[in-house]
Amino acid sequence: MLSLMHRLRLPALALVLALLAPRPGSAQHGHPPAEKDVAAEKAAGHGGEHKPSALEHVMDSKEIHVFEAPGLWPQHIHLPNILGFQITKFMVLEVIAAVLIILVYVPLARRVQSGEPARGGFWNAFEVLLTFVRDQIAKPNLGEDIADRYVPFLWTLFLFILFNNLLGMFPFLGSATASINVTVALAIVVFFAIHGSAIMAMGRAPDHGHGHGHGDGHGHDHGHGHDHGHPGGGHAHAAAPEHLTTAQAFQRGLVRYVTSLWPQIDVPFPMGYFIKPLVFVIEVIGITVRNAVLAVRLFANMFAGHMVLATLLLFIQMAGLAGVHPALWGTITFSSVLGILALSLLELFVAFLQAYIFTFLASLFMGMAITPQH
């Protein structure tokens, strides 16, 4: 995977540097362009004072920047507005990431389903990602008995974040996970997956105890789920959890889930009327904060890394536009290329790390919600 990224990145990076950076000799002794040139640029709609910005290359936009050098085609790819719905660069990148996942893992799934083992470095590299998520993330956090039920969701989450992170390593593209809107959307999906699965699991779970009560002849039930209700020990059975409809299981689980958040502590009267609701509110706020932290952590790491890379790359262009001495321009170019190469290796590691952390915390929070007693 690493060698493949390098083969793709280094030639493309050299092409970008050659195209983005005008030669210092094009400016005469460092003097600014003539007034007529500035007027011509303003007449053309460029304003004459536009300066390269790393932020506009990292943020989402309505167009994809390709080349900044005039005379080359295309300089920008304008994205369409379909019936008032504006297509943005990050939307396109997310679709590309999803398509790449399908192109890689559908053939791999068919190969595994047929019983043929995955041979070769390419297939083994992608297969090991799946086994890693299942064995090192899902099973330790969810338990051996229920992990396989939620592994497909964790696989999808991990691969989607990873592929979006890696797209930011290629020239002219970007990382959709460097947008707070994308990471918040992912956190919302995880929020409903965590608490929805917990509610349904509790709704389908059997009652505690032996599943029947022991009547005392006065209609009192000393167990869970059944009431003998009359002398002679007759049974009034409640509906079994496996026979509940989805709506009934959801209602049953919602009550249990909210009850599990209520603090089970002994507090002297009357302090319990104040402390227990306060602890309950803090617990609810904590649930929300956990998912907010997921969104902010992923966004901050990816955004900061790509900002640094874009800034180092623009040093070359800004030095060329300033008309510095050729020797100084060469020194800046060489230093920037070395810095970009070193930081690209770090960003490659961060791309995998942040996908792992996001998925690990999602599975951890899911396990805490499904089995709160643990």
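Just so you know, these numbers come straight off a predicted model, no measurement behind them.

**Student:** Where do I start with the overall build of the protein in this structure?
**Tutor:** Helix and strand counts for the protein stand at ten helices and six strands. Within the protein, the fraction of its 374 residues that count as buried is 35%. Across the protein, contacts joining residues at least 24 apart in sequence account for 67% of those joining residues at least 6 apart. Working note: accessible area of the protein is about 21,600 Å², and carbon and sulfur atoms make up 68% of it.

**Student:** Help me understand the packing of aromatic side chains in this model?
**Tutor:** Centre distance and the angle of the planes are the two values used to describe a pair of aromatic rings. Within the structure shown, the criterion is met by nine aromatic pairs. Between F122 and W123, the ring centres sit 5.2 Å apart and the planes meet at 85°, which makes this aromatic pair edge-to-face. Counting every residue linked through ring pairs, the aromatic cluster contains Y105, F122, W123, F126 and F163. A cation over a ring is seen here: R290 above F365, with NZ or CZ 5.7 Å from the ring centre.

**Student:** I would appreciate a short explanation of the side chain of N141 in the present structure.
**Tutor:** Among the secondary structure elements, N141 is positioned in helix α5 (residues 121–142). Engagement of the side chain of N141 in a polar contact is seen with the side chain of S363, the distance being 2.8 Å. The residues contacting N141, other than those within four sequence positions of it, are F360, S363, L364 and G367.

**Student:** Is there a simple way to explain the pattern of salt bridges in this structure?
**Tutor:** When their charged atoms lie close together, side chains carrying opposite charge are able to pair. Under the definition given, this model contains four salt bridges. Linking K139 and D135 is a salt bridge whose minimum nitrogen-to-oxygen distance equals 3.9 Å. On the criterion of helical spacing, the pair formed by K139 and D135 is a turn pair, its members being four residues apart in helix α5. Of the residues examined, K139 reaches a relative accessible area of 22% and is grouped as partly exposed. On the basis of relative accessible area, D135 is assigned to the partly exposed category, the value being 30%. Between E283 and R290 there is a salt bridge, and its shortest N-O distance comes to 3.9 Å. Judged by relative accessible area, which is 26%, R290 ranks as partly exposed.

**Student:** Would you take a moment to explain the packing of helix α6 (residues 147–167) against helix α7 (residues 180–204) for this structure?
**Tutor:** Angle between the axes and distance between the axes are the two parameters that describe a pair of packed helices. It is at 12 Å that the axes of α6 and α7 come closest, and there the two elements cross at 170°. As the angle between them shows, α6 and α7 are arranged roughly antiparallel. Contacts between α6 and α7 involve Y150, F153, L157, F160 and I161 from the first element and L186, V189, V190, A193 and S197 from the second. Looking at side-chain class alone, the contact of α6 with α7 contains nine nonpolar, one polar and no charged residues.

**Student:** I keep staring at unusual backbone geometry and nothing clicks. Help me out?
**Tutor:** For residues that are not glycine, phi is negative in most cases, and the peptide bond is trans in most cases. Here the phi dihedral of L83 falls at roughly 55°; this positive angle occurs in a residue that is not glycine. For L83, the location among the structural elements is in the loop between β3 (81–82) and β4 (85–86). What makes L83 exposed here is its relative accessible area of 88%.

**Student:** How do you make sense of the nonpolar core when you look at a structure like this?
**Tutor:** Formed by 60 residues in total, the largest nonpolar core has its most connected members in Y105, L159, L186, Y257 and F358. Contributing elements (two or more residues each) for this core: α4 (89–113), α5, α6, α7, α8 (246–261), α9 (272–321) and α10 (326–370). If we ignore the near neighbours within four places in the chain, the residues touching Y257 are H195, A198, I199, M202, I287 and A369.

**Student:** Please explain the environment of Q317 as it appears in this structure.
**Tutor:** Considering the arrangement of structural elements, one finds Q317 in helix α9. On the accessibility criterion, Q317 (9% relative accessible area) is buried. Between the C-alpha atom of Q317 and that of I332, which follows or precedes it by 15 residues, the distance is 9.9 Å.

**Student:** Help me out: how do you make sense of the packing of α7 against α8 in this one?
**Tutor:** Look at α7 against α8: their axes get within 7 Å of each other, and the N-to-C directions meet at 105°. The orientation of α7 with respect to α8, classified from their angle, is roughly perpendicular. Facing H195, A198, I199, M200, M202, G203 and R204 of α7, the residues of α8 in contact are T246, A249, F250, R252, G253, L254, R256, Y257 and S260. Its residues assigned to classes, the contact of α7 with α8 shows eight nonpolar, five polar and three charged.

**Student:** Before we go on, may I ask you to explain the environment of F280 in this structure?
**Tutor:** Take F280: it is sitting in helix α9. Taking the C-alpha atoms as reference points, F280 and P263, separated by 17 residues in sequence, lie 6.5 Å from one another. When sequence neighbours within four positions are dropped, the list of residues in contact with F280 reads V258, L261, W262 and P263.

**Student:** Sorry if this is basic, but what is going on with the confidence of the model for the protein here?
**Tutor:** Do not read the fine detail of predicted coordinates wherever pLDDT is low. Looking at the protein as a whole, its pLDDT mean stands at 75, while 72% of the residues score no less than 70. Within the model, the stretch residues 209–238 combines pLDDT values under 50 with 39 contacts to residues more than four positions away or in other chains.

Scoring rules and cut-offs
Numbering of residues starts from 1 in each chain and follows the order in which that chain's sequence is written. Only residues with pLDDT of at least 70 are given local features in this predicted model, and only at 80 or more are side-chain atom pairs given and counted; all residues enter the totals for whole chains, interfaces and linings. Only hydrogens and water are set aside; all other atoms, that is, all heavy atoms of the structure, feed into the side-chain values. We count a stretch as a helix when DSSP gives it H or I for four or more residues in a row; a strand needs E for two or more, and each element gets its number in order from the N terminus. Burial classes: relative accessible area under 20% of the type maximum marks a residue as buried, over 50% as exposed, and values in between as partly exposed (1.4 Å probe, protein chains only). Contact definition: two residues touch when any of their heavy atoms are within 4.5 Å. Per-residue and other accessible areas were derived by the Shrake-Rupley procedure at a 1.4 Å probe size, with only the shown protein chains allowed to occlude residues. Pairing of aromatic rings covers Phe, Tyr and the six-membered ring of Trp, with a centre-to-centre limit of 6.5 Å; geometry is then stacked below 30 degrees between planes, edge-to-face above 60, and tilted otherwise. Should the NZ of a Lys or the CZ of an Arg lie within 6 Å of a ring centre and within 35 degrees of the ring normal, that charge is described as sitting over the ring. Contacts described as polar in this section are N or O atom pairs within 3.5 Å, which, within protein, must combine one atom able to donate a hydrogen with one able to accept it, while residues neighboring in sequence count only if both atoms come from side chains. Throughout this description, the term salt bridge denotes a Lys or Arg side-chain nitrogen within 4 Å of a carboxyl oxygen of Asp or Glu. Each axis is a line fitted through C-alpha atoms, taken for helices only over the stretch in contact, and angles between the N-to-C directions span 0 to 180 degrees. Oblique is the label for any angle not covered by the other classes, which are roughly parallel (under 35 degrees), roughly antiparallel (over 145) and roughly perpendicular (65 to 115). When residues are sorted by character, Ala, Val, Leu, Ile, Met, Phe, Trp, Tyr, Cys and Pro go into the nonpolar class, Asp, Glu, Lys and Arg into the charged class, and all the rest, Gly among them, into the polar class. For our purposes a nonpolar core is just a set of buried Ala, Val, Leu, Ile, Met, Phe, Trp, Tyr and Cys residues, chained together by side-chain atoms within 4.5 Å. Confidence scores labelled pLDDT are given residue by residue by the predictor and lie between 0 and 100.

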